[in-house]
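Chain by chain, the residues:
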Amino acid sequence: MMKILIRFSLFLTFISNYFITQAQCNWTQIYYESYEYTTTIPYLLPGTTYQNTPQQWAGCIRTGSYGMYMNIVDGYIGQLYSQPFQNICVGQNYRFSFSTRDAFTSTNNLTISVKDANGVTLVSQNVINGSTWNDITMVSFGATTTTLTFEIVTNTAGTGGNDVGFDDLRLFQCNPTPHNYAVTECLSTPSLNLYNSIGSPVLSSSGIWSGPSTLTNNHLGTFTSGVNTNGLYTYTIDGAPGCADSVANLNVAFIQTPTLNPIANVITCSSYILPAITGTSMSGNQKYYTGPGGTGAVLNPGTSVNTSQTLYAYDGTTGCSDEVSFTVTFLPPPVISVSANDTICNGEAAVFTASSSGNGMTYVWTPGNLTGSSISVTPSASTIYSVIGTDANGCVSNIVSSAAIVKPKPVVTLQLSDDTICVGSPVQLIASSSVNGTNFLWNDGNAQAIRVISPSITTTYTVVGTSPNGCTDTKSASVLVIPVLSVSISGTPDFCDGSSTILGATPIIQGLTYVWSPSGSTGQSVIVDNSNVGWIYLEGSFFNCPAGKDSVLTSVLPNPEITVPADFLVCPGDPVVATVSSDLPNSSFVWMPGNLSGNTNTLISNGSMTYYVYAQNGNCVSEVDSFFVDMSLACSMEVPNIFTPNNDQTNDYFSLVSYSGLASLNIVITNRWGNVIQEYDKPDFKWDGKDRNGNAVPEGVYFYNVVAKTGSGEELKQQGFVQLFR
C-alpha cells in the first residue's frame, strides 16, 4: 500500500540545556506515502471529492503508478484531507514534504496545515497550483504533543477545472548526527591527542573513548604510535533522556606512504556513484576531495555525484600521501515537445509527433508502449498520450502529453429491395442512421434517404451520412444488373501430356447456371484431359434473362526430357562447369540448390553436393534428374600459425584447420633448438601446448614438419612454424 513505511516509537523529554555543542541535527525520513494502492484513501473526508481511491491520471502521479486525485465536489470549500500521526516525540523537530499540482491545466488554491493534539496550528502554508508539479518542503516545527494532524483545505469552491493532484507525502525527524573524522598520520609521529582532532561544534570534555585499544589521558584520548592499534575510535557523550547520544567517530590510521590506482574520467547523464578507492599500503581513511592535497569538500566512496567537476582521490597525510585526479562530466537531459491535441471521430486515427533538438532520439509513448517519433492511434474513447525521449547518450527527457479527443460517429445502414435484377427492373434504396438529424449524400449527388433507381449496368451505390457533430459513416451496396447474357470459356486450352487443364465459365454470377458438352457437367468449371480432349462447348442461362454460348478446341502438348552430366570428383573449392540439355528446343532449366538457370553453369561450393535440374518448355516440365559433385579430393593442408592454450575455450589447440581426404598423417613439433616437443600420427591431432611429459611449454615460436597421404595415395609435405601465446 505504501512505498516505504517506517514506524518507530520515541519518547523525547525536552531538556532546555541540550545545546548545539552536544549534538548536531540529521533529518531522517520516518514516513512515506505514495498512494500505490486501489482501495479507499482513509484520510480523504467523505463527501468532499468525487473519487476516493488513488488514480492513474498523469496529473496526479509524481512517482510510481498511482497518486491521490482530489476531484473536489462542485461548490465545496473547506477541509479535504486529515491524516493523524502518532508516537511523536515532544520537543523533537519535524517537517513535512509533498508534491502537488492542478490535475489538468487550471489552478487551485490550498492551505496545508500541521496541528497538535489540541488543535493548535504548528505550521501552515498556502499553495497555489498550476499545471506543473510543486515539490514542497514545509518549514520545520517543534512537536508539543505526541499526536500530529496533517490537513489539506481548499480555499476555492470545487468546479470543473480546479481538481488537485497530490503525491509523495513524507515526514522527517531531526536526529543528532555523529561527528565522523579520518585521522591519518605517518608512522614517524610518536603520539596524537584524538580529542584535538574533533572539529566544530566542540564536544564537552565529559565523554568516554572506546575502540580497538585503550587510549591514555582521559578525554584527550592520546594515541601512541607502536602501542595503540589502528581502527575506529568513538568518543561518546551520554545524551539527555529520550535523545540520542552525541558521538564522534575517528578512523585512526598511522600509515606508510600509500600508492593509489588511477581513476578514469567519467562522462554520464545521471548521478555517478563514487567507486571504492584502491591501491597499496592504504590507511583505510582514503577519501575523495573537491580540491587537491586533501582540501575542499570530503566525499566518501559510494557518494552520489550530480555535477560536473574535478575530483581528487587522496590518502595519507603530510609527508606520506598519494593522490589521483579525474573529471566527472554530466550531460544535460534532452527537452522534447509534442504536437497539439487532436480531435477525431470514433474510428479515425489521431496522429501525434514528438520532437527534440537532441541527437539520436528514441521515444516511448503510453498507453500502448508505442515507439517512434510519430504515432497513429485509434482510441475508442478520449485518451491522453504521454511520451518520453532518450537521446544517443542514454539521457532521459521530460514527459509531455497530448489528448486524442474522440467524438461519437453515426452508424449508417443501407438497405436494397433487390440486389440482382435484369435490365430495366426497379430497385429501392433506403439509408438510415443511429443518430437523429443525420444528412445523406449519395455518390451520384442525390440527397434523399429513400429513392428508387433502375440501373442499366451493374452499379455500386455509396451513401455518406453526416451527423450534427460533423462525424461521418459510409456504406456501399451494389446492384447486379444481368445484361443480355454473353458467356465465355476461360482457361488454357492446351495442356501437357499426362496432365489436365481446367476450363472455367464466366461471368460468375449468383443464380447463373451452366451446361458443359459433351460431358453434361453443370459446374462452374470442367476438367479436360487425354480422355476428353477436343471441342468443348458451354451454354449458360439465368432465369428469364438472355442466355449465350461459347466453345473452344483443346489439345495435348509433349513434355521435355532432360540430360545431365556424369558425377564430378574435384578438389575442395575448385569450380565445376556443368551443362544440361533437353530434347525440346527453347527449353529453360532450373538448378537446385542455388536457384540457377540456363543450360550451363559454373558451380563453386565449399563441400560435396548433389545438384538437381529439371527442364521446362512452356508449362510442361520434365522429370527431375541429378548429378553429384564430389569435393573429397585432397589437394592441400591448411595449418594455423598461432594458438593460445589458456583454457578460455577459444583457440586452445594447435591442429589442422581441415584434414578432409587425408588417410594418414605424421607431424613432429620441435622448439627453436630442434628438440622434439610432441609428435602425432593422426590427421585429427590436437596439441594443447604441453610436452611429452605433460608440462606446459613456454610462450614462443615452435616448428612443425608434416607428412600426409591422401585417400588416393598422394603424399603431401609441409613445414612451418606456430606462435604460442598464453
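First, a word on what this report is: a plain description of the structure on this page. All residue numbers here refer to positions counted from 1 along the written sequence of the relevant chain. Two thresholds apply to this predicted model, a pLDDT of at least 70 for residue-level local features and 80 or more for giving and counting side-chain atom pairs, whereas whole-chain, interface and lining totals are computed over all residues. Hydrogen atoms and water are omitted, and side-chain values are computed over all heavy atoms in the structure.

Description of the state of the cysteines
By definition, disulfides here are pairs of cysteine sulfur atoms that lie within 2.5 Å. One pass over the structure, following the stated rule, counts three disulfides. Between the sulfur atoms of Cys345 and its disulfide partner Cys471 the distance amounts to 2.1 Å. Taking the torsion about the S-S bond as the criterion, the Cys345 to Cys471 disulfide, at about -90°, is left-handed. Separated by 126 residues along the polypeptide, Cys345 in strand E27 (residues 342–345) and Cys471 in the loop between strand E39 (459–466) and strand E40 (472–482) bring together distant segments of the chain. Given the relative accessible area of 7%, Cys345 is considered buried. Given the relative accessible area of 0%, Cys471 is considered buried. Segments assigned H or I by DSSP are reported as helices when at least four residues long, segments assigned E as strands when at least two residues long, and all are numbered from the N terminus. Remark: exposure states derive from per-residue accessible area (1.4 Å probe, protein chains only) relative to the maximum for the residue type, with buried under 20%, exposed over 50%, and partly exposed in between.

Quick look at the environment of Asn619
The residue Asn619 is located in the loop between strand E56 (609–617) and strand E57 (620–621) in this model. Separated by 546 residues in sequence, Asn619 and Val73 have C-alpha atoms that sit 80 Å apart.

Some remarks on the pattern of salt bridges
Any carboxyl oxygen of Asp or Glu within 4 Å of a side-chain nitrogen of Lys or Arg constitutes a salt bridge here. Applying the stated criterion across every chain, the model contains six salt bridges. Taking the shortest distance from any N to any O, the salt bridge between Asp444 and Arg451 comes out at 2.6 Å. For Arg451, a relative accessible area of 9% puts it in the buried group.

Let's talk about unusual backbone geometry
Following Thr506, the chain continues into Pro507 via a peptide bond in cis, with omega recorded as 0°. As for its placement among the helices and strands, Pro507 is situated in the loop between strand E43 (501–506) and strand E44 (513–517). Cis geometry is found at the peptide bond from Ser517 to Pro518, where omega equals 10°. Structurally, the position occupied by Pro518 is in the loop between E44 and strand E45 (525–528). One non-glycine residue, Asn218, adopts positive backbone phi at about 55°. Mapped onto the elements of the fold, Asn218 is located in the loop between strand E13 (208–210) and strand E14 (222–224). We classify Asn218 as exposed; its relative accessible area is 71%. Unlike most non-glycine residues, Ser281 shows phi in positive territory, near 55°.

Describing the sheet that holds strand E26 (residues 336–338)
Between any two strands, at least two bridges found by DSSP are needed for them to pair. If you walk across this open sheet you meet the three strands as E26-E28-E31, and the pairing is antiparallel. Single-partner strands in this sheet number two, and they are E26 and strand E31 (374–377). Neighbour-to-neighbour, the strand axes of this sheet turn through a mean angle of 15°, independent of strand direction. For E26 and strand E28 (residues 350–356), the ladder comprises three bridges, and the chain directions are antiparallel. Its bridge partner being in E28, Ser337 is matched across the sheet by Ser355. All axes here are fitted lines through C-alpha atoms, helices being fitted over the stretch that makes contact, and every angle between N-to-C directions spans 0 to 180 degrees.

Observations regarding the side chain of Thr149
Within the secondary structure, Thr149 is located in strand E9 (residues 148–154). In this structure Thr149 touches Ser82, Gln83, Pro84, Ser113, Val114 and Lys115, once residues within four positions along its chain are discounted. Note on definitions: a residue-residue contact is assigned when non-hydrogen atoms from the two residues lie within 4.5 Å.

Comments concerning the environment of Phe703
On the secondary structure map, Phe703 appears in strand E62 (residues 700–710). When the C-alpha positions of Phe703 and Lys287 are compared, they lie 54 Å apart, and in sequence the two are 416 residues distant. Apart from the residues lying within four places of it in its own chain, the contact partners of Phe703 are Val668, Ile669, Thr670, Asn671, Arg672, Gly720 and Phe721.

Concerning the pairing of strand E60 (residues 662–670)
Each regular strand shows side chains that alternate between the opposite faces of the sheet. Relative to E62, E60 runs antiparallel, the two being bridged by eight bridges. Bridge assignment links Val668 to a residue of E62, and that residue is Asn705. Here E60 pairs with strand E61 (residues 676–680) via four bridges, running antiparallel. Note that in E61 the partner of Ile667 across the bridge is Tyr680. Hairpin connection from E60 to E61: five residues lie between these consecutive antiparallel strands, with Gly674 at a positive phi of about 85°.

Treat this as a map of the structure, not an account of what it does.
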